[in-house]
Every structure is written in structure tokens, then in C-alpha cells.
Amino acid sequence: MNGSSKELINDYMSALLEVNKHINLTRIEEGEAARLLHIEDSLSGLSELNDAPQGDYVDLGSGGGFPGVPLALASGRQTLLVDSVKKKMAAVSSILKDLDLTDQISTYDGRIEELSSLKNQCFSVATARALAQLSVLMELASPLLRIHGRLICFKAQVSEEEYSHALKLQSYLGMKLVSDRSFVLSDGMTHRRIIVFEKVKQPGLKLPRRIGLAQKKPL
Ligand code: SAH
């Protein structure tokens, strides 16, 4: 990653913390914690992002822009951030505009299921942090990804049940596990796990299901 992308990531973080005083974008309000839990944590998936095929990148349930904004800036990929909370996307979008980043990073304020009807199989890589259990992430990402596109799941704890359920559903959802890495952030105590699936074929059911079902009635 070059110096100017590091600088831009820091500028984005400072602007976000400033806006966060008025609009609730993140629970993490203090600079050092934000550096660890937003910037470092987001960038911990850079090697997985770089391993995905070339092409557009979508961050699902992006909230305040994580891990999407740091990963976009570090990788140079064309990026779309998606979140259904309009005021969050409006605030993020206005910061991106101030930093002159909107040519590379855009926002979509709507549901992931709506986006997948508009941008079916348009993305080479998707990320999701703190959004849903693995099988739900696979269901939401599958219609957005082109064949060989990758879904990168940023996780803290994953129960054995969540993991085995995802593995059981992978073939049905057209996905296949490609990597699974556990590590600790630089504070020495924050455990993280990054699990990656590749879209290997079209799913065995029509996706997206009706809006809300993926999360309300998980497969
Ligand atoms: N990824 C961010 C935010 C996590 S909170 C981070 O790690 O900091 C989860 C976010 O996902 C919320 O902002 C919520 O509005 C959004 N979200 C949940 N389900 C969604 C859906 N189906 N479509 C779009 N956004 C969704």
C-alpha cells in the first residue's frame, strides 16, 4: 500500500469520527480504538481481497464504510458500499465527496437483495463484517458475484454450528470454501477469523429470495 492511500484512509477515519459526533455511524468513538478496530481490522483482509479475480468490489452492510473504504483505497479496486440505512450512506457519501474519492468509491442506499437484482453477477469480490451468519452472507453474496468471484467474511467468533451449517449449504448456494485464517490484531487480544468462499456455480434456488427472507428465515 502506498503512502497516499494510508493518508487517505486516515483522512477518511478523522472525517468519520467528526461526523459521528452528530450522526451515529460507529460505536467506536475514540481515535486509537478506531485505528485498531476499523483501519487495522479492515486491512487485515487485504491479501484475501488481492487473491480475488480482478474486477469490481462490493462491501455488504458497510455501515460507516468498513471494511470497504480502507480496502478500496489499499487495493485501488472500483468499489460499491451498500447499506440500507439511508442516513449512514448519505453521511459516508458526503465524506467521500469531500475527499474527492467518488470516482473510485460509490454508495448504494438500499438493501443488498435489491442491489442484486440491479447488479446481478457484476462483482468479482464482496466483503461483509458484522452483518450476519456465514450461510446468510453466502446467500446474499451469491447473486452479486460472477463465477469465481469471492466472498470474504470478516468474523470474530464463529460457532461450530454456524461453520458446519455454512459448509452444508455451500453447494446449494453455489459457493465453495477456499480459505480460513485466524489471527490476533496488534493489541494482542482481539481475535479475528477471515473465511473466504468462491462462487463456483449458479445456486440451486432462485436468488435473491423475497426481501428480508435471507436474514429473517435463514436457510
Ligand atoms: N460493516 C460495518 C457495519 C456493520 S453493522 C462494520 O463492520 O462496521 C451491519 C450493517 O448492515 C448495518 O449498518 C445495517 O444497516 C446493514 N444491513 C443489514 N442488513 C442489510 C441488508 N439486507 N441490506 C443492506 N444493508 C443491510
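Residues numbered from 1 in each chain as written. Predicted model: local features only at pLDDT ≥ 70, side-chain atom pairs only at ≥ 80, totals over all residues. Heavy atoms only, no water.

### Considerations on the nonpolar core
No. 1: By size, the foremost hydrophobic cluster in this structure holds 32 residues, and its most contacted members are V58, L60, L134, L151 and F197.
No. 2: Going through the elements one at a time, strand 1 (57–60), strand 2 (79–83), helix 6 (112–118), strand 4 (123–129), helix 7 (134–141), strand 5 (145–155), helix 8 (160–169) and strand 7 (191–199) are the ones with two or more residues in this core.
No. 3: Here this core takes six residues from helix 7, the largest share from any one element.
No. 4: Contact partners of V58, with chain neighbours within four places excluded, come to L80, V82, L115, F123, V125, A126 and T127. (Core = buried A, V, L, I, M, F, W, Y, C linked by side-chain atoms within 4.5 Å. Buried < 20%, exposed > 50% of the residue type's maximum accessible area, 1.4 Å probe, protein only. Helix = DSSP H or I, 4+ residues; strand = E, 2+ residues; numbered from the N terminus. Contact = heavy atoms within 4.5 Å.)

### A look at the pattern of salt bridges
No. 1: Under the defined criterion, the tally for this structure stands at eleven salt bridges.
No. 2: For R193, the salt bridge identified is with D180, shortest N-O distance 2.8 Å. Within this pair, whereas R193 is found in strand 7, its partner D180 is found in strand 6 (residues 175–184), the two being separated by 13 residues in sequence. (Salt bridge = Lys/Arg side-chain N within 4 Å of Asp/Glu carboxyl O.)

### Regarding helix 7
No. 1: Extensive coverage of helix 7 is indicated by the burial of eight of its eight residues.
No. 2: Residues L134, S135, V136, L137, M138, E139, L140 and A141 constitute the buried set of helix 7.

### Describing the pairing of strand 7
No. 1: With eight of its nine residues buried, strand 7 lies for the most part within the structure.
No. 2: As judged from the six bridges shared by strand 5 and strand 7, these two strands associate in the antiparallel manner. Its bridge partner lying in strand 7, C153 is registered against I195.
No. 3: Judged from the nine bridges that link them, strand 6 and strand 7 form a sheet pairing that is antiparallel. Its bridge partner being in strand 7, V184 is matched across the sheet by H191. (Pairing = 2+ DSSP bridges.)

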